[in-house]
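Spelled out, the chains give:
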Amino acid sequence: MKNCKYCLYPKSHPFGMAYSDDVCLGCITHKEKYNLDWSERYSFLEEEARKNKKRTKTYDCIVPVIGDAEDYFVVQEVLKLGLNPLIVSVNSYFYNDIGWKNLHNLITHFDLDSWVYNPEIQTYKELIRTSLRKYNHMYLPWIQLHTSFPVHVAKEKSIPLIIWGSNQSVEQVGKFSHKDSVEMSSWSRIEHDLFNKDIFNLIGNGAQVNERKLNYYIYPENLQKLSKKVKGLYLSNYLAWDPLKQNQSIIKHGFVAEENSYSFDPYERAGSSVYYQIHDLLKFERLGYRKITDHCTREIRHGRLSRSEAIEVESQFIQNKINVNPFFNWLDVSKTGREWYINHKLKKSSNLISDSKIEYKHHNFPQKIKSLLVKSSKPNENFITYGKGIEI
Amino acid sequence: MRTGSVILFKNGYCYQSYGWNLFRPLGGLQNIVSHLDKYLIDDITIIRPVRDNDSSADFLSDIEELKKLKSSSPISFGGGIRNIDQLHLLSGLPFERFIFSSILFNENNKLLEVATKLYGKQAIVGLIPFKLKPKLSMFNSEINKFVPLDKLNRNHLDFCDEIILYDCEREGFHSGFSKEIIDRFKLDPKSCVFSGGVAELKNSFKNTSYAPKAINIENSVLHREYSILNYYEKL
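What you see is a predicted model; the values in this text were computed from it and never measured.

### Description of the overall build of chain A
Secondary structure assignment for chain A yields 15 helices and 7 strands. Here the C-alpha radius of gyration of chain A, 20 Å, is about what a compact globule of 392 residues would show, namely 21 Å. With the C-alpha coordinates aligned to their principal axes, the bounding extent of chain A is approximately 55 × 50 × 45 Å. Taking all 392 residues of chain A together, 62% fall into the buried category. Counting only contacts in chain A whose residues sit at least 6 apart along the sequence, the fraction spanning at least 24 positions is 78%. Accessible area of chain A: about 16000 Å², with a carbon and sulfur share of 48%. If the 54 positive side-chain charges of chain A are averaged to one point and the 45 negative ones to another, these points end up 2 Å apart.

### Describing the interface of chain A and chain B
Facing the 30 residues of chain A at the interface are 23 residues of chain B. One can count 18 residue pairs in polar contact (both at pLDDT 80 or more) joining chain A with chain B. Counting only elements with at least two residues in the side of chain A that touches chain B, the list comes to α1 (25–31) and α8 (186–193) of chain A. In terms of residues, the side of chain A that touches chain B owes the most to one element, α8 of chain A, which gives 5 residues. When grouped by side-chain class, the residues that make up the side of chain A that touches chain B number 11 nonpolar, 12 polar and 7 charged.

### Things to note about the nonpolar core
Among the nonpolar cores identified, the biggest contains 109 residues, and F94, M138 and F327 of chain A are the most heavily contacted of them. A total of 8 residues in this core trace back to one element, the largest contributor, which is helix α6 (residues 140–156) of chain A. Not counting residues up to four positions away in its chain, the partners in contact with F327 of chain A are F94, I128, L132, M138, V274, I278 and F383 of chain A. Core analysis: the second largest hydrophobic core is formed by 68 residues, F9, F100, V198 and A199 of chain B among them.

Calculation criteria
Residues numbered from 1 in each chain as written. Chains lettered and ligands numbered in written order. Predicted model: local features only at pLDDT ≥ 70, side-chain atom pairs only at ≥ 80, totals over all residues. Heavy atoms only, no water. Helix = DSSP H or I, 4+ residues; strand = E, 2+ residues; numbered from the N terminus. Rg over C-alpha atoms; globule rule 2.2 N^0.38 Å. Buried < 20%, exposed > 50% of the residue type's maximum accessible area, 1.4 Å probe, protein only. Contact = heavy atoms within 4.5 Å. Areas by Shrake-Rupley, 256 points an atom, 1.4 Å probe, with all protein chains shown as cover. Lys, Arg positive; Asp, Glu negative; His and termini not counted. Charge placed at Lys NZ, Arg CZ, Asp CG, Glu CD. Polar contact = N/O pair within 3.5 Å; in protein donor to acceptor, adjacent residues only side chain to side chain. Nonpolar A, V, L, I, M, F, W, Y, C, P; charged D, E, K, R; others polar. Core = buried A, V, L, I, M, F, W, Y, C linked by side-chain atoms within 4.5 Å.

Pasting the structure below:
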């Protein structure tokens, strides 16, 4: 089987690729967006909102956020539905000043209650070190928390609904039809969010971790036995999801886009010190492609890039080097430890590693993309453990 | 009524099928089975969706994967069991029942005889994939074709403890199982398991003359947390 004849995804996509007549299921499922009756689908969402409104004395739903552009869009839509959300966030400790500004602006601009969880940092770092050693992945510990802590909060505070933005397994590879209206589940979390690596895969083998500190890393059990069952919905099943367009539209709420040397997209994960840095490098090492391929594929499907234009845009970024030193310094890894890791675990991507600061370059994109981009900012400081994003 | 789930498993990976044509990737087998165990499903049916393109090497490699499977639910397994050598390979598997489909279209019943001797009649399950449109026909996977009803060797059904009627048109969709197959096929629903489209809750069989022995929910069982509880309540 060859790769898809339309998009740029390779067969190594971590969610699993399948094809029909040389077209990947991601492209086939994307076409549903042009045939579905979205007003009917939105009415399902309105019905869910109606059923869950004022079921508790406090909040109607939880919106898990990191503070990037998609979160602004989700919160905007949740408020349009007339729901009273509690914003829940897990500190990744990877925010730069733009990240903190966007997170705190989100909370204050929409004037919402929030709950930010700061995991105990030594355990968190130890889990990251183990995750790097075993799986060449630095985000697994945070993803464990991001996908389970909001569910714990829902359980503890009897909040019946959790609203997420996009379901990546549908949007990227078409594992389900939009019509399946797939919901959050423990199965999907392990399969798609954690790539079959739950927290117990990150302990043992030398990891110095006290299991008593892992409570929020573990998905809560017995959700079906609660008097108010917890349900998690993905907005992308009910709205014709178009990230670039949506993300541009939320700039009016004060979101700050970030200059990006690794993709044309200044919105997705803006404010992270690692997402387009060490995380992108590790993605290339594990899967053979970088985030720019996700973005180019997405824009081919939305008709804003032809396949050849996408290949050209991809080529502008794909060889851009990354300075991994700030991350290893943050992780308290010694110089020899870093050298060992680069020599043994980053063999495929060794040509993408640089010791010097990477300067932002201006690129040229087709007009359909350019028209959805906005002025972006440079971060002043990376790896801010606790930040103050706004002045009141 | 027993409520089970169907998993399609091939080359070490699980798939969802929509309308017998479109296969979507689903995920790793153990994670799926562990969650179905957790949801307290009554039983699990694992089918290799092989047609005329199966090979002994693929069969063997899937069997090796299946040997590692850990589950607390009763499991039925089938798909590509087409000769006696393969039948002997199944003895090492942690499964209760074995499913036969294309053999039901053969003249020769030797395979079913040997299977009954090895595993007992209670372990033999027949699988009949069908569609009603444009006319009633059954899928013979060995030749990868839908064939008329009279090509099915009905005598072979006597070997089967139960028969899975698999609605190929409704599979994966939300349109409901075509229960008129029971009238058209003249089968006792109490010996049948309905599969394909049964997840549509409007399609209730409870207290009707169509009530089957069991139902198998396909793709949608994993589409939401503990969805199986809704089926227990409503079907």
